[in-house]
Amino acid sequence: MATVILVRHGRTTANAAGVLAGRALGISLDQIGRDQTALTGDRLAAVPLVAVVSSPLERCRLTAQLILDRQAGTPHELVDPDLTECDYGQWQGRTLGDLATEDLWPVVQTQPSAVVFPGGESMAAMQARSVAAIRRHDAAFESKYGPGAVWAAVSHGDIIKSILADALGMHLDLFQRINVSPASASIVHYGINRPTVHATNTDAGDLSWLSKSIHSGDAPVGGGAGLEAPRTSEA
């Protein structure tokens, strides 16, 4: 199968203010968020992406555009509602400090599979739709471009954490152990036998190795030889 780079949107005005933005409109990247995303776009420029699929919310669309602007080729640009933010219902627009006083807060922290946000979505439904979307797009890009295809999905923190939890074979109740920072890149390859998580929550480092096909065979016993060290210029 293909390889997906999961990119969280850059920092927003709501992130900076400690507000749960949810699906609210008009939430944009602040200057730090734009700078973060520009750096991520520069990292991904070394990888010829076949497509960039984004959540429909403005902060993700802007992040996706900054990635696309740095691509030498012309990747397909798609928007998928199934990659949109969790519907936090009545929690949307409130500060995290305020939400931490709610009885539901500790359940979100320790048993998210049981959480249904008041007037909103369950976290289990959030994971189901987002994982299904990623696997659907991945299969389509592999079918069209071959198993060496690399694409990017731009989405939100809880969405990406739930996708990574699925790829790692973790129960949703453990997904709070995963951290996904603004503008970070995580890498998953959906192989024949199982997904392989190559990186999580990275904000630096050479990604040019992704331009070479990732083999989809069995995992090497003992860990294998790994990748060749990236070349550096001599003084």
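Scroll up a little and you will see the structure.
Let us look at the structure shown here. (Residues numbered from 1 in each chain as written. Predicted model: local features only at pLDDT ≥ 70, side-chain atom pairs only at ≥ 80, totals over all residues. Heavy atoms only, no water.)

So, about the packing of aromatic side chains. One pass over the structure, following the stated rule, counts four aromatic pairs. Residues Y88 and F117 carry aromatic rings whose centres are separated by 5.0 Å and whose planes lie at 85 degrees to one another, so their mutual orientation is edge-to-face. With Y88 in the loop between β3 (76-79) and α4 (96-99) and F117 in the loop between α5 (105-110) and α6 (123-145), this residue pair connects regions lying 29 residues apart in the sequence. Taking the relative accessible area as the measure of exposure, F117 reaches 3% and is therefore buried. Measuring from ring centre to ring centre gives 6.2 Å for W91 and W105, while their planes differ by 15 degrees; the resulting arrangement is stacked. With W91 in the loop between β3 and α4 and W105 in helix α5, this residue pair connects regions lying 14 residues apart in the sequence. (Phe/Tyr/Trp six-rings, centres within 6.5 Å; stacked < 30°, edge-to-face > 60°. Helix = DSSP H or I, 4+ residues; strand = E, 2+ residues; numbered from the N terminus. Buried < 20%, exposed > 50% of the residue type's maximum accessible area, 1.4 Å probe, protein only.)

Along the polypeptide, S130 turns up in helix α6. Setting aside its immediate chain neighbours within four residues, S130 contacts D82, L83, I159, S162 and I163. (Contact = heavy atoms within 4.5 Å.)

Let us look at the sheet that holds strand β5 (residues 185-190). Taken in spatial order, the six strands make up an open sheet running β3-β2-β4-β1-β5-β6, and their pairing is mixed. Bordering the open sheet on either side are β3 and β6 (195-202), each of which pairs with just one other strand. The average angle at which neighbouring strand axes cross in this sheet is 20 degrees, direction not considered. As judged from the four bridges shared by strand β2 (residues 51-54) and β3, these two strands associate in the parallel manner. Looking at the pairing, V52 lines up with E77 of β3. Where helix α2 (residues 31-44) meets the sheet, its contacts fall on β1 (3-8), β4 (150-155), β5 and β6, and the angle it forms with β1 comes to roughly 165 degrees. In the packing of helix α7 (residues 157-167) onto the sheet, contacts are made with β1, β4, β5 and β6, and the angle to β1 comes to roughly 150 degrees. (Pairing = 2+ DSSP bridges. Axes fitted to C-alpha atoms, helices over the stretch in contact; angles between N-to-C directions.)

Per the counting criterion, the structure on display carries zero disulfides. In this structure C60 is a free cysteine whose sulfur lies 14 Å from that of C86, the closest cysteine sulfur available. On the basis of relative accessible area, C86 is assigned to the buried category, the value being 0%. (Disulfide = S-S within 2.5 Å.)

Further remarks concern α7. Of all eleven residues in α7, ten are buried; the element is thus mostly enclosed. Every buried residue of α7 is listed here: G157, D158, I159, I160, K161, S162, I163, L164, A165 and A167. In this structure, the buried side of α7 is in contact with β1, α6, β4, β5 and β6. Just downstream of α7 lies G169, where phi reads positive at about 75 degrees.

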